[in-house]
Amino acid sequence: MARLFAFFLLLQVAGARPAPFTTPLTPAQMASRQAVIDTTKGVIVIDLLPAQAPNHVGYFMKLAGEGAYTGTTFHRVIRYGLIQGGDPLSKDPAKSAQYGTGGLNVLRPEFNAEPMTAGAVGAVLVPNQPNSAGAQFFICAGDQPTLQGQYTVFGRVADGLEIVQEISAVPADAQGRPADRIVIRSVTIRDTPPPVKDPLVEASAAELAAYHAVLETTKGEIELEFLTGKAPETSRQVLRLAAAGVYDGTAVHRIVPNFVIQTGALAYRDKPLTAKQNALVHDLAPEFSDEPTVPGVVSMAHGDNPASGSTSFFICTGSCRSLDGKYTAFARVARGMDVVQAIAATPVDGETPTEKIAIVRVRVIKP
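These notes cover the structure that comes with them. (Residues numbered from 1 in each chain as written. Predicted model: local features only at pLDDT ≥ 70, side-chain atom pairs only at ≥ 80, totals over all residues. Heavy atoms only, no water.)

Side note on the overall build of the chain
For the chain, the helix and strand inventory stands at nine helices and 19 strands. Over its C-alpha atoms, taken along the principal directions, the chain stretches across nearly 75 × 45 × 35 Å. Pairs at least 24 apart in sequence give 72% of the contacts found in the chain among residues at least 6 apart. Accessible area for the chain stands at about 16100 Å²; split by element, carbon and sulfur atoms hold 54% of it. (Helix = DSSP H or I, 4+ residues; strand = E, 2+ residues; numbered from the N terminus. Contact = heavy atoms within 4.5 Å. Areas by Shrake-Rupley, 256 points an atom, 1.4 Å probe, with all protein chains shown as cover.)

Listed below in structure tokens is the structure:
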């Protein structure tokens, strides 16, 4: 990836190098600040990291305050790798051949230990010139360990990593230039707002029972009601994952006729999780009960270890009584059993559907 990335950092046009920028602000004065990047694809919120890179943060805040990023574009992308933007030349479509060469040679490096993982925001450099950072920046859409220590990380995506990933995956030519202009409408600096409490975290079992999940699949909708009296923590976790969009884009990867359909496995998701989504995923302690495993009952899948379930679940389409007390039954189908049976009727190769069937989106509702 480092070699590919270097390809994107086009050589700066030769000229006089300005004096390096030094921010007049202290790290304390820049602490707890965020950059809100409004783009034509959606909003990306970045936590700025002045303790790690004060001059880079100070310069970014200065340019944002001056409106320098308004009208610039994300002019280079690597699919689920990274996106690059902030070049002042990218405001002008007539200068597309020069994109990647503007706004550099302003900052000295502030290399730090902040990991080059999904969501890291780094300063673009001219290849082999560590003192060449400036207005341009890149955002990692996925983990980029080969870039660690080579570029200054000065921010991290707090919200909108899915927008970064969407931008990274837009149609582009062999050089990574997007087919359509992806414009930065504005960059606004704000105080970091206090965290928003997740109402599902502290809800009682009785309160959780008020929620349903609607699985919008390519075959139709399936509505689930939760067995919070039998499996409160599994119900809570599935609702949290659903509300966070973790299940969106996952495939039905297993069909056993007259037995089960299975989905929710992250290995069958069509795009990587965001950092926030990934932070929610963990193994679940089993909550075995006397709930009979009959058609329409939904249970958490697991491996040899009963405590290894995390996201994948199955819906019984036939009698599954042999599974009673061995898997956590946490929900039942309240509506859409006809859709479940339509999925179950899909031709299979072994236990793999020959047709792609996916959960497009999951809505958490209070009916």
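Overview of the sheet that holds strand β11 (residues 250-251)
Reading across from one edge, β11-β19-β9-β10-β16-β14-β15-β13-β12 is the order of the nine strands in this open sheet, with antiparallel pairing throughout. Each edge of the sheet is formed by a strand with only one pairing partner; in this case those strands are β11 and β12 (254-256). Summarising the sheet, strand β14 (residues 297-300) and strand β15 (residues 313-316) pair through three bridges and their orientation is antiparallel. Following the sheet pairing, M300 is matched in β15 by F313. Helix α9 (residues 337-344) contacts β9 (212-217), β10 (220-226), β12, β13 (260-263), β15 and β16 (328-335) of the sheet and is inclined by roughly 120° relative to β10. (Pairing = 2+ DSSP bridges. Axes fitted to C-alpha atoms, helices over the stretch in contact; angles between N-to-C directions.)

Structural notes on the pattern of salt bridges
If charged atoms from side chains of opposite charge come close, those side chains can pair. Counted under the stated rule, the structure contains 19 salt bridges. For E225, the salt bridge is made with R332, and the minimal N-O distance between the two is 3.8 Å. Of this pair, E225 sits in strand β10 while R332 sits in strand β16, and the two are 107 residues apart along the sequence. Of the residues examined, R332 reaches a relative accessible area of 32% and is grouped as partly exposed. E291 serves as the salt-bridge partner of R332, at 3.1 Å between the closest nitrogen and oxygen. Here E291 lies in the loop between α8 (275-280) and β14 and R332 lies in strand β16, a separation of 41 residues in the sequence. Beyond isolated ion pairs, a larger network of salt bridges with shared partners links E216, E221, E223, R335, R361 and R363. (Salt bridge = Lys/Arg side-chain N within 4 Å of Asp/Glu carboxyl O. Buried < 20%, exposed > 50% of the residue type's maximum accessible area, 1.4 Å probe, protein only.)

So, the layout of surface pockets
It is the rolling of a water-molecule-sized probe over the atoms that shows where space remains empty. In this structure, the largest pocket encloses a volume near 630 Å³. Taken together, 23 residues form the lining of the largest pocket, with A158, D159, P195, V196 and K276 sitting closest to its centre. At the level of elements, β2 (42-48), β7 (153-159), α4 (161-168) and α8 are the ones that each hand at least two residues to the lining of the largest pocket. With four residues, the single largest contributor to the lining of the largest pocket is α8. When the residues that make up the lining of the largest pocket are grouped by side-chain class, the tally is twelve nonpolar, six polar and five charged. (1 Å grid on protein atoms, 1.4 Å probe; cavity = no way out; pocket = protein on both sides within 12 Å on 5 of 7 lines; lining within 4 Å. Points joined across faces, edges and corners; volume = space filled by probe spheres on them. Nonpolar A, V, L, I, M, F, W, Y, C, P; charged D, E, K, R; others polar.)

Some remarks on the nonpolar core
Side chains of a nonpolar character, in soluble globular proteins, are inclined to be buried together. Among the nonpolar cores identified, the biggest contains 52 residues, and I44, I46, F137 and I139 are the most heavily contacted of them. A per-element tally of this core places helix α3 (residues 54-65) first, with six residues. Setting aside chain neighbours within four positions, we find I44 in contact with A35, V36, I37, T39, I139, V157, D159, G160, I163, V164 and I167. Residues A203, Y247, I255 and I343 belong to the second largest nonpolar core, which totals 36 residues. (Core = buried A, V, L, I, M, F, W, Y, C linked by side-chain atoms within 4.5 Å.)

Some remarks on the sheet that holds strand β5 (residues 120-123)
With respect to topology, eight strands assemble into an open sheet ordered β3-β4-β6-β5-β7-β2-β1-β8, the strand pairing being antiparallel. The open sheet has two edge strands with one neighbour each: β3 (74-78) and β8 (184-191). The average angle at which neighbouring strand axes cross in this sheet is 25°, direction not considered. Here β3 runs beside strand β4 (residues 82-85); their pairing, made up of four bridges, is antiparallel. The partner of R76 across the bridge, within β4, is Q84. The strands that α4 touches are β1 (33-39), β2, β3, β4, β6 (137-140) and β7; relative to β2, the one it contacts most, it runs at about 120°.

A closer look at unusual backbone geometry
Phi at N128 is positive, roughly 65°, even though this residue is not glycine. Relative to the elements of secondary structure, N128 occurs in the loop between β5 and β6. Under the relative-accessibility criterion, N128 is labelled exposed at 80%. For N258, which is not glycine, the phi dihedral falls at a positive 60°. In this fold, N258 is placed in the loop between β12 and β13. By relative accessible area, N258 is classed as exposed at 65%.

Quick notes on empty space enclosed by the protein
The final tally for this structure, using the stated rule, is four cavities of 30 Å³ or more. Of the pockets and cavities examined, the largest cavity occupies roughly 50 Å³. Lining the largest cavity, in full, are T234, L284, A285, P286, F288, M300, A301, H302, P306, G309 and T328. Its residues assigned to classes, the lining of the largest cavity comprises seven nonpolar, four polar and no charged.

On their own, these measurements won't tell you what the molecule is for.
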